Amino acid sequence: MPQPPTAENRTDACPFEASAGTQSRAIDVPLPRELTGDWGPLPLNPTVHEVNEIGRRHGGSAFGRHDPWRITRAGIPLAASAVRGVGRAALTPPGPVGRPFVGSVPEMRREPFEFFRRCAKEFGDIYSVPFPLGGSIIVVNHPDYASQVMDDPVGRYSMIGPGQAAMGMIGAAIPMLEGDKFRQRRRMLMPMFGRRHLARVAEVIADEFVGRVDSWARWADTGQEVDLQHAIAQVTLPAFLRAMFSSSITAQEIHETDVDLRTFMSLMASVTLMSPLPNLLPLPGRESAPRSMWRLWRLTRRLIKDRRKHPVETPDLLSLLLEATYDDGSPLSERDLSMELMILMAGGYETVVASLSWTLALLLAHPNHLNRLYAEVDALHGAVPTP
């Protein structure tokens, strides 16, 4: 992998960083930036010892000796090394050094998309982002590298890190798995994403959308202001549940699940410090993360219990998960089943709601495209669109 150019020959360096000899415009006090340097490619599957030796030969610790704030960046790495009984690896990906104590969290929280865009432009496809107390995450942008990390057969990479220990207590879905477990779980779900099954799913979703969107006619010519993002959620969630799980829920459950899924997504994003932490205190009359997680767990358990009592003739995603087994013949645990359903609902539902909301907002801002859409709808003469 080619090394990214240094700040000395770049004019578009990240504004929240400065190299050792340059002044940043975004911050008053210049902070040094650590780059790996021209070390060349690493050996195939290097050991920690080999990485440390390469770092020593090329002055990998020089940055630490000249960083006056180095003690603020060593808390978590030093503690982790002490617990594991190993030394700190000398070679790390390039990336912004960040501020003392808090790392790059202020810049990341302020403009997350712009922050990662600039980091990718400055540091390439693999870079590290410093977190508070010396912690950090490694960001992998290129799909080939992401595939290498996720398919690694010997467990050299971790996407969960210290959170792996909690998976046995709360359950694990595909985004939380690594290595062989990830590959086996992915094989379990692949039959549901074949062309024939997706065509059937599209028909179910289109039918559900038509029936529910028709009810929007009550707002026509009333002058009433409508929160379309909320209305889209009321259409998308039941359509998704019917298509993927052959299940239905009440109007009250639709409203609660919409709140719960948004809280769930916010809770997951807060782990990376990119989203505010949702309310953790289950006070009476107020929505909270514990209440939302309890309702989601109760909903998924009910869906699983009902399916076991009343199997369906046409296989869907839920029946596939209930029948799936690992290579050793063991089924998914009850916790894993619930967490898989939560992740599937959150990932499939929230992305559709966001995409449709933005689509409608952009159509209103571009009348020419909106008129073309009207023409396509009129050409159907009331027929349901085909996938």
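Here the structure is a predicted model, which means the values were calculated and not measured.

A few points about the overall build of the chain
Regarding its fold elements, the chain presents 15 helices and two strands. Here the chain holds 387 residues, and the buried ones make up 35% of them. Taking contacts inside the chain between residues at least 6 apart in sequence as the whole, the part at least 24 apart equals 64%. Summed over all atoms, the accessible surface of the chain reaches about 23,100 Å², with 60% contributed by carbon and sulfur.

Examining the side chain of serine 357
By the element assignment, serine 357 lies in helix α14 (residues 334-365). Residue serine 357 is classed as buried on the basis of its relative accessible area, which comes to 17%. A polar contact of 2.7 Å, which involves the side chain of serine 357, links it to the backbone oxygen of valine 353. What serine 357 contacts, discounting residues up to four positions off in sequence, is Gln229 and Ile232.

Concerning the packing of helix α9 (residues 195-213) against helix α10 (residues 228-245)
Packing of α9 against α10 brings their axes to within 9 Å, and their N-to-C directions diverge by 145 degrees. Here α9 runs over α10; the crossing is right-handed. Two secondary-structure elements touch here, α9 through Arg200, Val201, Val204, Ile205, Asp207, Glu208, Phe209, Arg212 and Val213 and α10 through Gln234, Val235, Thr236, Pro238, Ala239, Arg242, Ala243 and Met244.

Thoughts on the pattern of salt bridges
Enumeration over the complete set of coordinates arrives at 17 salt bridges. In this structure, the salt-bridge partner of glutamate 114 is arginine 118, at a minimum N-O distance of 2.7 Å. Residue glutamate 114 and its partner arginine 118 are both found in helix α5 (residues 112-123); the two are separated by four residues, about one turn of the helix. Accessibility expressed as a relative area gives 22% for glutamate 114, which makes it partly exposed. In this structure, the salt-bridge partner of glutamate 287 is arginine 295, at a minimum N-O distance of 2.8 Å.

Digging into helix α15 (residues 367-379)
For α15, spanning 13 residues, the distance from its first C-alpha to its last is 18 Å, which sits close to the expected 18 Å at 1.5 Å a residue. Count one or two residues on from α15 and you reach histidine 381, which has phi positive near 55 degrees.

Description of the nonpolar core
By size, the foremost hydrophobic cluster in this structure holds 43 residues, and its most contacted members are Phe245 and Met345. Of all the elements in the fold, those that place two or more residues in this core are α8 (179-189), α9, α10, α11 (251-270), α12 (289-309), α13 (317-323) and α14. The greatest single-element share of this core, amounting to ten residues, is contributed by α14. Discounting residues that sit within four places of it in the chain, phenylalanine 245 has contacts with Phe240, Leu303, Arg307, Asp316, Leu317, Leu318, Leu341, Leu344 and Met345.

Here we look at the packing of aromatic side chains
Per the counting criterion, the structure on display carries four aromatic pairs. Measuring from centroid to centroid gives 5.2 Å for phenylalanine 115 and phenylalanine 116, while their planes differ by 85 degrees, and the two rings are edge-to-face. In this structure, phenylalanine 115 and phenylalanine 116 share a single accessibility class: buried. Measuring from centroid to centroid gives 6.0 Å for phenylalanine 240 and phenylalanine 245, while their planes differ by 85 degrees, and the two rings are edge-to-face. Here the basic side chain of lysine 181 rests over the ring of tyrosine 326, its NZ or CZ set 3.8 Å away from the ring centre.

Some remarks on the confidence of the model for the chain
Looking at the chain, pLDDT values average 75 and 71% of them are 70 or higher. Note on residues 1-42: pLDDT is under 50 here. Beyond four places in sequence and across chains, it has 88 contacts.

Cut-offs used in this document
Residues numbered from 1 in each chain as written. Predicted model: local features only at pLDDT ≥ 70, side-chain atom pairs only at ≥ 80, totals over all residues. Heavy atoms only, no water. Helix = DSSP H or I, 4+ residues; strand = E, 2+ residues; numbered from the N terminus. Buried < 20%, exposed > 50% of the residue type's maximum accessible area, 1.4 Å probe, protein only. Contact = heavy atoms within 4.5 Å. Areas by Shrake-Rupley, 256 points an atom, 1.4 Å probe, with all protein chains shown as cover. Polar contact = N/O pair within 3.5 Å; in protein donor to acceptor, adjacent residues only side chain to side chain. Axes fitted to C-alpha atoms, helices over the stretch in contact; angles between N-to-C directions. Left-handed = near helix turned anticlockwise from the far one by under 90°. Salt bridge = Lys/Arg side-chain N within 4 Å of Asp/Glu carboxyl O. Expected span 1.5 Å × (residues − 1). Core = buried A, V, L, I, M, F, W, Y, C linked by side-chain atoms within 4.5 Å. Phe/Tyr/Trp six-rings, centres within 6.5 Å; stacked < 30°, edge-to-face > 60°. Lys NZ or Arg CZ within 6 Å of the ring centre and 35° of its normal. pLDDT = per-residue confidence, 0-100.

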